[in-house]
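Structural features, examined
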Amino acid sequence: MITNKTIKIFLIDDEFPKIPEFTASSIYDSAINSENLYHLAITQTWKGLQPLQQLIKDIVTSQASKDNHISLNGYTKPTQCLNDIDSGSKPDVLIYDWEYGMPNPTESQGWLLEILSNTDAFVFIYSKVRDELPPFLNKKVFDEYAHRFQLFLKGSSTHSIFSSEEFMLQYILGKVSDSGRIKIQGFDIEFTSNDFLKKSSDILYLERVFGRMYLLEEFKKYQFTLNSETINNLLNDSKGYLYFSEAKGLLINPDEITLVNKLIPLQELSYSSVVQQYSIYKLEEALEKGTAII
């Protein structure tokens, strides 16, 4: 699948490097286009914001952007972004720097609520103080929008196989095509939608099954190419398996000894067979919870 639509990405952050020629030309006073953002990304030092700098480079140099399937605009103020939204320019994805309104969280909440209520965009809330924000976001006023925003720590690479910025990149590219080049832990990965993983974010299920370090080593082994063949090999190389009770319609983790003994006879299914017949989600569920209903 390759979309014919241009996906609009809005990026709000007040810490873009300021250069005299841009200031003189009032570049920072309205939407900063992708060409100017890229100029800042390749010519300036982004103090403490190198991951954001790299994200901009990766978006602008992606094939999707070169093919005009992605439009990227940056804003130094949320009010500039909201003015464009009010004028009819609606983003599909918005990256929102929460710290802009700090130390007054009321302003940050108000701007975020206005963005959510006036667009259908998915919003990545991007913060250096991620763990301090749930109390501000777990409020009733945000309940109806909870499925449309996600909280990320700036520059984080410790919670997932994707860094925060890599996850945002693959999400954006995934809205354009179900195949293409993504980044994982700084490595370029050639991903093709396949019989096992429909979209690149499904790699997170593989991480939950195998663990991050093992998975990275396997990616290197298969030369950072993820397609039906390499994922099938990865699943088979693990020698992992589940039991299947046809009578109960149940996939069972072999560690559930009591249940296994109770439901004998059982069919043994390799990880590859489980994913092919039922899905990566069911494999992860059975390993995590002990069983998965089919």
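Above this note sits the structure.
Throughout what follows, the structure given in this document is the object of discussion. (Residues numbered from 1 in each chain as written. Predicted model: local features only at pLDDT ≥ 70, side-chain atom pairs only at ≥ 80, totals over all residues. Heavy atoms only, no water.)

Brief notes about the nonpolar core
Counting residues in hydrophobic clusters, the biggest one holds 67 residues, and the most contacted among them are Ile56, Ile161, Ile184, Ile203, Phe219, Leu235 and Leu283. Discounting chain neighbours no more than four positions away, the residues touching Ile203 are Ile161, Phe162, Ile182, Ile184, Phe191, Leu197, Leu215, Phe219 and Leu226. Listed in part, the 21 residues of the second largest apolar core include Tyr75, Ile115, Val123 and Tyr145. (Core = buried A, V, L, I, M, F, W, Y, C linked by side-chain atoms within 4.5 Å. Buried < 20%, exposed > 50% of the residue type's maximum accessible area, 1.4 Å probe, protein only. Contact = heavy atoms within 4.5 Å.)

Some points on the environment of Ser245
You can see Ser245 is positioned in strand E10 (residues 241-245). Judged by its relative accessible area of 3%, Ser245 is buried. Between the alpha carbons of Ser245 and Pro265 there is a distance of 7.7 Å; along the sequence they are 20 residues apart. Every residue in contact with Ser245, bar those within four places of it in the chain, is listed here: Leu250, Ile252, Leu263 and Leu266. (Helix = DSSP H or I, 4+ residues; strand = E, 2+ residues; numbered from the N terminus.)

A few points about the packing of helix H5 (residues 78-86) against helix H6 (residues 105-118)
Two numbers describe how H5 lies on H6: the axes approach to 11 Å, and their chain directions differ by 20 degrees. With respect to their mutual orientation, H5 and H6 come out roughly parallel. With respect to the hand of their crossing, H5 and H6 are arranged in left-handed fashion. Facing H5, whose interface residues are Pro78, Thr79, Leu82 and Ile85, H6 presents Trp111, Glu114, Ile115 and Asn118. Of the residues in the contact of H5 with H6, the class split is 5 nonpolar, 2 polar and 1 charged. (Axes fitted to C-alpha atoms, helices over the stretch in contact; angles between N-to-C directions. Parallel < 35°, antiparallel > 145°, perpendicular 65-115°, else oblique. Left-handed = near helix turned anticlockwise from the far one by under 90°. Nonpolar A, V, L, I, M, F, W, Y, C, P; charged D, E, K, R; others polar.)

Let's talk about the pairing of E10
In terms of burial, E10 is a largely internal element, 4 of the 5 residues being buried. Relative to strand E12 (residues 267-270), E10 runs antiparallel, the two being bridged by 4 bridges. If you follow Tyr243 over to E12, its bridge partner there is Glu268. Across 3 bridges, the pairing between E10 and strand E11 (residues 250-252) is antiparallel. Bridging across to E11, Ser245 finds its partner in Leu250. Hairpin connection from E10 to E11: 4 residues lie between these consecutive antiparallel strands, with Gly249 at a positive phi of about 60 degrees. (Pairing = 2+ DSSP bridges.)

So yeah, pure geometry; function would need other evidence.
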